[in-house]
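Residue-level structural notes
So the chains spell out like this:
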Amino acid sequence: AGGLDPSMTGAEGNKGLVDEFQALDNEILQWMMPMETESGHKTWQCLKCDKNGTKVDTMRHVETHHIQHAGFTCPLCGMFSKNRNSLRKHISVKHRKNLI
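What counts, and at which threshold
Residues numbered from 1 in each chain as written. Predicted model: local features only at pLDDT ≥ 70, side-chain atom pairs only at ≥ 80, totals over all residues. Heavy atoms only, no water. Phe/Tyr/Trp six-rings, centres within 6.5 Å; stacked < 30°, edge-to-face > 60°. Helix = DSSP H or I, 4+ residues; strand = E, 2+ residues; numbered from the N terminus. Buried < 20%, exposed > 50% of the residue type's maximum accessible area, 1.4 Å probe, protein only. Lys NZ or Arg CZ within 6 Å of the ring centre and 35° of its normal.

In this section: the packing of aromatic side chains. The way to describe two aromatic rings as a pair is by their centre distance and the angle between their planes. Considering all chains together, one arrives at 1 aromatic pair under this definition. Note on F21 and F72: the rings are 4.9 Å apart at their centroids and 85 degrees apart in plane angle, and the pair reads as edge-to-face. Of this pair, F21 sits in helix α1 (residues 15-29) while F72 sits in strand β4 (residues 72-73), and the two are 51 residues apart along the sequence. Each of the two residues, F21 as well as F72, counts as buried. The ring centre of F21 lies 5.3 Å from the NZ or CZ of R84, which sits over that ring.

Shown next, in the form of structure tokens:
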């Protein structure tokens, strides 16, 4: 999981958004711990509520349920999203032609 790649929006000038995503990733990772199941599979645990899952799913969980954030604005149209996953989905659906 990572921040929004500048090429994902079809624009080169999104360094501030990418930097903001990276800072949020760093904050989220402080609330997660890698674990290993009895069968030897790697999983991640939320340190706030003990929810387990893949790294991406646990990061999304922590961001959605435990991190206070003002939200994100689409750099292409200005639409507001409460979290990065919603912003990614919006960009991939509404700005598909700009991604090519």
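That covers the picture; the talk isn't over yet.
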